[in-house]
Amino acid sequence: MKQNTEAWRALDAAHHLHPFSDTKGLNAQGARVITRAEGIYLWDSEGNQIIDGMAGLWCVNIGYGRKDLAEVAKRQMEELAYYNTFFKTTNPQVAELSKLLAEVAPDGFEHVFYTNSGSESVDTMIRMVRHYWSSVGKPEKKVLIGRWNGYHGSTIGGASMGGMTYMHEQGDLPIPGIVHVEQPWYYKHGKDMTPEEFGLAAARWIEDKILEVGADKVAAFVGEPIQGAGGVIIPPATYWPEVERICRKHDILMVCDEVICGFGRTGQWFGHELYGVKPDLFTTAKGLSSGYLPIGAVFVGERVAQGLIEHGGDFNHGFTYSGHPVCCAVARANVTALRDEGIVARVREETGPYMQAKWRETFGQFEHIDDVRGVGLIQAFTLVKDKQKRALFDNWGTMGLACRDIFFRENLIMRACGDHIVAAPPLVISKPEIDEMLGRAARCVEEFERVVVRGQPG
Ligand SMILES: Cc1ncc(COP(=O)(O)O)c(CNc2cccc(C(=O)O)c2)c1O
């Protein structure tokens, strides 16, 4: 039955509570009804074509409209729509996907545990590392260290692991045993240090926390290679190697949360590979299926995998849909395409460098934009009050939302994370599409500076 925008908006307002939304405010304004998508483009119920500079929520790596993935889902549903992987059963799709993931992962990652989301991957990791230490005779090693402004999901575990205080306030978080250190945000905290010096200093904040808690009580350090939802905070090159050295020195597991950085987003298969480090585990979701179906996976390195296999006994954790055959079939087709169509390689060698050059050229010229940054196809800039003084705007986030709303009105999706403006388009974006996206964004930023910052007429 063909509906129209107003009818869908009314149904949505009457029955749907949206995530991360003020439903009352949204209902007053009316939600935008997205009806179809192709490549990097969305269409809404009014027929507007929209450039999706965020690949959905950082997840549609392969781009929209892949009929081959839809066909894989159809065939699998007709053959085996569901069966579980509890009780000594498996299915061909989960077995084949697990082999494929071991092939695309860096050496030393032969085992994966399946979930339905990034949050569930993070929750799984929390339980897994605590169970690991208990299994190898160190049950008191329970504390996990994260970063303020890190994002690790919205379950009780994921939100606690994250350092978003506005999330902690809702639900009395973080849960016990999870602590945080400052994030490696050079623009704000670098002061008179070089980036290299700051990277080492920021890593040592973690060592300070380990010594404060007691290394014999700390299970793991958890961080995103590049913080995504925190505003694309890119640590200096010295940061992660120093984190790894500190974790090894104090026998703390190092965990990378690759939910955004994974599956080609940075031009590497996984973001930690940019920094030449090897975590003990890493969590994934999003690009694993390019958002076509919900699935996540925890990649478990040999030290923890063998510890769990040899000493862990029954790992009393898992989900009804862990290893869901249809989700696994689609993820397998997606990852195979990312590899065999050269999509990840093209981001590393062609479209990523092109985007990074154009991004800096386009936004480096604006008076109220600084810290223009990015790698692969994840990039950002920060809206600032005074570039010379490196002064941020007051009321952090207000300007970001004002700028984001201009993009939205002009049929361009980019994300405001506070006063950081971020973009992460599908990895299949072409060079002409990059030009189209950045041309539209530049016109929006010109209006933002003229109207919002300088108060001139629209
Ligand atoms: C690093 C990281 N870890 C875990 C999660 C949680 O994944 P799920 O949402 O699938 O449970 C994420 C998710 N990241 C995420 C999710 C929703 C919105 C935005 C945003 O930037 O607005 C970012 C993430 O970015």
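As the structure is a prediction and not an experimental result, all values here were calculated from the model. (Residues numbered from 1 in each chain as written. Predicted model: local features only at pLDDT ≥ 70, side-chain atom pairs only at ≥ 80, totals over all residues. Heavy atoms only, no water.)

Looking now at the site of the ligand. The local shell around the ligand holds 15 residues, among which W58, G118, S119, D257 and R415 are the closest. Side-chain polar atom of K286 to a nitrogen atom of the ligand: 3.3 Å apart, as the coordinates give it. Isolated, the ligand exposes 540 Å² of accessible area, and the fraction of that covered by the protein chains is 84%. Broken down by secondary-structure element, the contributors of at least two residues to the shell around the ligand are α3 (55-58) and α6 (118-135). Tallied by class, residues from the shell around the ligand come to six nonpolar, five polar and four charged. The residues that make up the shell around the ligand include at least three from each of domain 1 (32-65 + 347-453) and domain 2 (68-340). (Near = heavy atom within 4 Å. Polar contact = N/O pair within 3.5 Å; in protein donor to acceptor, adjacent residues only side chain to side chain. Areas by Shrake-Rupley, 256 points an atom, 1.4 Å probe, with all protein chains shown as cover. Helix = DSSP H or I, 4+ residues; strand = E, 2+ residues; numbered from the N terminus. Nonpolar A, V, L, I, M, F, W, Y, C, P; charged D, E, K, R; others polar. Domains from an automatic or database assignment.)

The sheet built from seven strands is open, its strands ordered β4-β10-β9-β8-β7-β5-β6 with mixed pairing. Among the strands making up the open sheet, the edge pair consists of β4 (109-115) and β6 (178-181). Looking at each pair of strands side by side, their axes are set apart by 25° on average, direction ignored. As judged from the six bridges shared by β4 and strand β10 (residues 296-301), these two strands associate in the antiparallel manner. By the bridge assignment for β10, H111 is matched with V300. Contacts from helix α5 (residues 92-104) reach β4 and β10, with the element oriented near 130° to β4. Against the sheet, α6 touches β4, β5 (143-147), β6, β7 (218-223), β8 (253-257), β9 (281-284) and β10, its axis set at about 160° to β9. (Pairing = 2+ DSSP bridges. Axes fitted to C-alpha atoms, helices over the stretch in contact; angles between N-to-C directions. Contact = heavy atoms within 4.5 Å.)

Below, the discussion takes up the pairing of β8. Most of β8 is tucked away, with five of its five residues classed as buried. Both faces of β8 are covered, namely the face carrying L253, V255 and D257 and the face carrying M254 and C256. Across four bridges, the pairing between β7 and β8 is parallel. Counterpart to F221 in the pairing with β8 is M254. The pairing of β8 with β9 spans three bridges and is classified as parallel. Residue C256 lies in a different strand from β9, and its bridge partner there is F282. (Buried < 20%, exposed > 50% of the residue type's maximum accessible area, 1.4 Å probe, protein only.)

On to the sheet that holds strand β1 (residues 34-38), then. Taken in spatial order, the four strands make up an open sheet running β1-β2-β3-β14, and their pairing is mixed. With partners counted over all chains shown, the strands left at the sheet margins are β1 and β14 (412-413), one partner each. Across four bridges, the pairing between β1 and strand β2 (residues 41-44) is antiparallel. In the strand pairing of β2, R36 is matched with W43.

Moving on: the domain arrangement of the chain. When the domains of the chain are assigned, the result is domain 1 (32-65 + 347-453) and domain 2 (68-340). Taken residue by residue, the interface counts 33 residues in domain 1 and 29 residues in domain 2. When domain 1 packs against domain 2, the two sides together hide about 2400 Å² of surface, and 62% of this comes from carbon and sulfur. Seen at the junction of domain 1 and domain 2, the total is zero salt bridges. There are 15 residue pairs in polar contact (both at pLDDT 80 or more) connecting domain 1 and domain 2. (Buried area = accessible area lost by both parts, 1.4 Å probe. Salt bridge = Lys/Arg side-chain N within 4 Å of Asp/Glu carboxyl O.)

Because an α-helix completes one turn every 3.6 residues, residues spaced three or four positions apart along the sequence face the same direction. End to end, α5 covers 19 Å across 13 residues, agreeing with the expected 18 Å (1.5 Å per residue, within 8%). What α5 keeps buried is the set Q93, V94, L97, L100, L101, A102 and V104. On its buried side, α5 packs onto α4 (67-80), β4, β10 and α13 (325-340). Between the side-chain oxygen at the start of α5 and the backbone nitrogen of Q93 there is a gap of 3.1 Å, and the oxygen is on N91. (Expected span 1.5 Å × (residues − 1).)

In this description, an aromatic ring pair is defined by two values, namely the gap between the centres and the angle between the planes. A full pass over the atoms with the stated rule returns 23 aromatic pairs. With 5.9 Å between their ring centres and 85° between their planes, Y82 and Y321 make a pair best called edge-to-face. Of this pair, Y82 sits in the loop between α4 and α5 while Y321 sits in the loop between α12 (302-311) and α13, and the two are 239 residues apart along the sequence. Given a relative accessible area of 31%, Y82 falls into the partly exposed group. The exposure class of Y321 is partly exposed, given its relative accessible area of 45%. (Phe/Tyr/Trp six-rings, centres within 6.5 Å; stacked < 30°, edge-to-face > 60°.)

With that settled, consider unusual backbone geometry. Excluding glycine, residues mostly carry a negative phi; peptide bonds, for their part, are mostly trans. The omega angle of the peptide bond from L173 to P174 is 5°, so this bond is cis rather than trans. Of note, P174 is situated in the loop between α8 (165-168) and β6. Non-glycine residue N149 carries a positive phi angle of around 70°. When you line up the elements, N149 lands in the loop between β5 and α7 (156-161).

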